[in-house]
Amino acid sequence: MSRTVINPDTVFNTVQYGFSQAVIVTGQRRMLLSGQVGVDIHERTVGPGLQEQTEAALDNIERVLAAAGGKMAQVIMLRIYICDTVREEQEVIAQALRDRFPADPPPSSWVIVSGLSLPEWLIEIEAEAMLD
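For the structure given in this document, a descriptive report is provided here. Bear in mind that the values here come from a model prediction, so they are computed numbers and not experimental data. (Residues numbered from 1 in each chain as written. Predicted model: local features only at pLDDT ≥ 70, side-chain atom pairs only at ≥ 80, totals over all residues. Heavy atoms only, no water.)

### Some words on the pattern of salt bridges
Reasoning step 1: Applying the stated criterion across every chain, the model contains 9 salt bridges.
Reasoning step 2: Across the salt bridge formed by Glu 128 and Arg 30, the nearest N and O atoms sit 2.6 Å from each other. Within this pair, whereas Glu 128 is found in strand S6 (residues 123-131), its partner Arg 30 is found in strand S3 (residues 29-36), the two being separated by 98 residues in sequence.
Reasoning step 3: Relative accessible area serves as the criterion here: at 9%, Glu 128 is assigned to the buried category.
Reasoning step 4: Among the residues examined, Arg 30 registers a relative accessible area of 54% and is labelled exposed.
Reasoning step 5: A salt bridge links Arg 100 to Glu 62; its shortest N-O distance comes to 3.4 Å. Of this pair, Arg 100 sits in helix H2 (residues 90-100) while Glu 62 is found in helix H1 (residues 50-67), placing the two residues 38 residues apart along the sequence.
Reasoning step 6: A relative accessible area of 37% means that Glu 62 is categorised as partly exposed.
Reasoning step 7: Each member of the salt-bridge network shares a partner with another, and the members are Arg 30, Arg 79, Glu 126 and Glu 128. (Salt bridge = Lys/Arg side-chain N within 4 Å of Asp/Glu carboxyl O. Helix = DSSP H or I, 4+ residues; strand = E, 2+ residues; numbered from the N terminus. Buried < 20%, exposed > 50% of the residue type's maximum accessible area, 1.4 Å probe, protein only.)

The structure is reproduced here in C-alpha cells:
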C-alpha cells in the first residue's frame, strides 16, 4: 500500500487532535470495518468511562484488522460517534488517537450523537483500511 498524508498549512492543525486532514492511498484491498464500541469478546461493556471504552474500541479495530492480515498503520479513515453526555471529554479521544497513530494519523470525522445502541456506550468508531 502507498499512503501519503496531507496536512497543508492553509487549514487548521488537526494532527494535534490525533488525525490528519486527508490521505491519498493506493493498494490491493480496501477493508471497511463495522463500528466498534467498548466491549470485550463476551459483549460486556469494559467500563463506564470514555477512556476505557475508547481504548477497547480501538483494540477491537486492531483485532479485526489483524484477522485480515492488517495493522493500524493501514487505517485510512475513522468515523467517531461520541455521545453528547461526554462531549466535553474529547481530549481523551484525541490522546488515544495520538497514542495509536503517532506518525501520519488517518483523517477522521467526529460526530456528536444523542446515544448509541446501548445506553452505557459512549463511543463508536468505524474504520476503513487499505490492505496490501
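From this point, the narrative continues.
### Focus on the pairing of strand S5 (residues 108-113)
Look at any regular strand and the pattern is simple: side chains alternate between the two faces of the sheet.
Reasoning step 1: By the bridge criterion, 6 bridges tie strand S4 (residues 75-83) to S5 in an arrangement that is parallel. In the sheet register, Arg 79 faces S5, and the bridge partner there is Ser 109.
Reasoning step 2: Each parallel crossover has a hand, and the one from S4 via H2 to S5 is right-handed. (Pairing = 2+ DSSP bridges. Right-handed = clockwise from strand over helix to strand, strands pointing away.)

### As for H1
In an α-helix, one turn spans 3.6 residues, which is why side chains three or four residues apart end up on the same side.
Reasoning step 1: Its 18 residues give H1 an end-to-end C-alpha distance of 26 Å, which sits within 8% of 26 Å, the value for a rise of 1.5 Å per residue.
Reasoning step 2: Of the residues making up H1, those classed as buried are Leu 50, Gln 53, Thr 54, Ala 56, Ala 57, Leu 58, Asn 60, Ile 61 and Leu 65.
Reasoning step 3: On its buried face, H1 is in contact with S3, S4, H2 and S6.
Reasoning step 4: Downstream of H1 by a residue or two, Gly 69 has a phi angle that is positive, lying close to 80°. (Expected span 1.5 Å × (residues − 1). Contact = heavy atoms within 4.5 Å.)

### Here we look at the packing of aromatic side chains
Each pair of aromatic rings is reported with the distance of its centres and the angle of its planes.
Reasoning step 1: One pass over the structure, following the stated rule, counts 1 aromatic pair.
Reasoning step 2: Seen in terms of ring centroids, Phe 19 and Trp 110 are 5.8 Å apart; in terms of plane orientation they differ by 45°. Their pairing is tilted. Residue Phe 19 is located in the loop between strand S1 (2-6) and strand S2 (22-26), and its partner Trp 110 is located in strand S5; the two are separated by 91 residues in the primary sequence.
Reasoning step 3: Looking at Phe 19, the relative accessible area reads 13%, which means it is buried. (Phe/Tyr/Trp six-rings, centres within 6.5 Å; stacked < 30°, edge-to-face > 60°.)

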